[in-house]
Amino acid sequence: MQTIIKLAPRTLVPALSRCSKHTLPDLPYDYNALEPIISGEIMKLHHQKHHATYVNNLNVAEEKYNDAKAKNDLNTMIHLQPAIRFNGGGHLNHSIFWQVLCPKEGGNQPSGALADQIKKDFGSFDKMVTQLSNASVGVQGSGWGWLGFNKQEQRLQVATCSNQDPLQATTGLLPIFGIDVWEHAYYLQYKNVRADYVKAIFQIANWKKADELFQKAK
Amino acid sequence: MLTSVVLLAFAVICVQSQTELVLPPLPYAYSALEPVLSEHLMRLHHDKHFDTYTKKTNEALKTIMADTSANEQLKELAKKPLEEILHDVLHLPEQYQFPLRHNGGGYYNHKLFFSMLKAPTATAAENKPTGVLLEAIESSFGSFDKFRELFSAASINLFGSGWVWLYIDAQTHKLVLNFTANQDNPIMFDKKHVVLLGIDVWEHAYYPVYENRRSEYIDNFWRIVNWPFVAQLYAEGTTKRADL
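None of the values given here were measured: they were computed from a predicted structure.

Caption draft 1: Representation of the overall build of chain A within the structure. Of regular secondary structure, chain A possesses nine helices and three strands. Counted from the first residue to the last, chain A has its helices and strands arranged as α-α-α-α-α-β-β-α-β-α-α-α. On the principal axes, the C-alpha backbone points of chain A span a range of 65 × 35 × 35 Å. Every one of the 218 residues in chain A was classed for burial, and the buried ones make up 46%. For chain A, contacts bridging at least 24 residues in sequence account for 70% of all contacts bridging at least 6. Element-wise, carbon and sulfur atoms account for 52% of the exposed surface of chain A, whose accessible area totals about 11,400 Å².

This is the structure we're talking about:
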């Protein structure tokens, strides 16, 4: 019996990882750390309620999907796809979002390879900010504004996605920096003035992390 | 003398042919829907969101009138009542469709929505329609409770921003439930749809009171539905559309 228990973990791991659930990642900082740009109240709700709900609903949808797949129930599998897209996208998007934000730093701008690429593809950092801001403010309803990397063409691009459509899956671009423009991301603080929120968020952009994502994307 | 008369007539014609949408006041006090929807929320929803849709729709219409590349047909459409513009909005070229669909739709939806609400009853159960409207709902959905269950489920499950609607379907003449994304309205898809009831499930419609708890907002929404107004829409809709 003892021998079987010692050996079992190795063979069990592949099976376990097939069934493993998604989990809510911790924020890399305290809930209040992004004040005054994003309030602790918003960060708590956004992380503990909204992101957590995407994770929970994704796990539920995936479990149902796996059950349907085991039974060869294609109708149910197709029926579940919007829920997987929405909640899976929500989980992916928010996991990136928390990473590309950081407590406010003075004179916050990218440096190194990312800065060079931004200058090459947009003319200047300010021009990129203007383009990304306009796109993000202009999203109708709920969605995201992204600075993404086009690997085929080796250039940065601004893009928007609606609802929780994940950038890479829906456009092929690799995410470098993103702005959540769902109302829940800013409403309690900025009310209907999305433009003020988008303008302010650049003060808490984690360009170091964005550069890491860029290096990886290249 | 003649020149000034002609100029005055011209100015009058210009003003008359370019009617501007006006932000209508709420049909009740900002605090009237407390505690279901707070005064703070109603002020934001009406004075900020609805006002922005009003201003931007007017801007979009002015842009069309001033656009030398816009054809006469489009300019004639831009002079019509908003409802008629929305009937055709999905057929417009992208550059004109985008602002009109979103802002014109937003204006139309909110004007309707705020009229569909009234001071809350103590419980959802005690707020129900009566007469021919109730019969029509029972006929289409089996029971009023079933209708409410389906409407609530659709509202909870709507991904992102949008509206859930009860309307008389243009083709089948039955009461149907459907949802639209963003600021779309059923009349954009068929001008003969008769909209009876809608719920705004954009986050701004509930966040200041309910935060992320959309289902709680929907549960309480049933306390503020103005069923007499909805019955009026039903009566007008069934008499106006001769084939219904």
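Caption draft 2: Geometry of the interface of chain A and chain B. Taken together, the 19 residues of chain A in the interface contact 18 residues of chain B. For the pair chain A and chain B, the summed buried area comes to about 1,800 Å², and 57% of that belongs to carbon and sulfur atoms. On the chain A side of the interface with chain B, the three residues burying the most area are Gln140(A), Glu183(A) and Tyr187(A), jointly 36% of the side's total. Linking chain A with chain B are zero salt bridges. There are seven residue pairs in polar contact (both at pLDDT 80 or more) connecting chain A and chain B.

Caption draft 3: Broad picture of helix 6 (residues 131-141) of chain B. Residue and element names in this part refer to chain B. Here helix 6 has its buried residues at Leu133, Leu134, Ala136, Ile137 and Phe141. All buried residues of helix 6 project into a common sector of 160° when viewed along the axis, lining one side. What points out from helix 6, more than 90 degrees from its buried face, is the exposed set Val132, Glu135 and Ser139. Two residues or fewer past helix 6, Gly142 is found with a positive phi of approximately 100°.

Caption draft 4: Quick peek at the domain arrangement of chain B. Residues and elements named next belong to chain B. Assigned domains of chain B: these are domain 1 (39-116) and domain 2 (124-243). If you average the C-alpha positions of domain 1 and of domain 2, the two centres end up 22 Å apart. In this complex, domain 1 contributes 22 residues to the contact, which on the side of domain 2 involves 28 residues. Of the roughly 2,100 Å² buried between domain 1 and domain 2, counting both surfaces, carbon and sulfur atoms make up 66%. For domain 1, the biggest contributors to the area lost against domain 2 are Leu41, Asn109 and Met116; these three give 31% of the whole.

Definitions and cut-offs
- Residues numbered from 1 in each chain as written.
- Chains lettered and ligands numbered in written order.
- Predicted model: local features only at pLDDT ≥ 70, side-chain atom pairs only at ≥ 80, totals over all residues.
- Heavy atoms only, no water.
- Helix = DSSP H or I, 4+ residues; strand = E, 2+ residues; numbered from the N terminus.
- Buried < 20%, exposed > 50% of the residue type's maximum accessible area, 1.4 Å probe, protein only.
- Contact = heavy atoms within 4.5 Å.
- Areas by Shrake-Rupley, 256 points an atom, 1.4 Å probe, with all protein chains shown as cover.
- Buried area = accessible area lost by both parts, 1.4 Å probe.
- Salt bridge = Lys/Arg side-chain N within 4 Å of Asp/Glu carboxyl O.
- Polar contact = N/O pair within 3.5 Å; in protein donor to acceptor, adjacent residues only side chain to side chain.
- Arc of directions from axis to C-beta.
- Domains from an automatic or database assignment.

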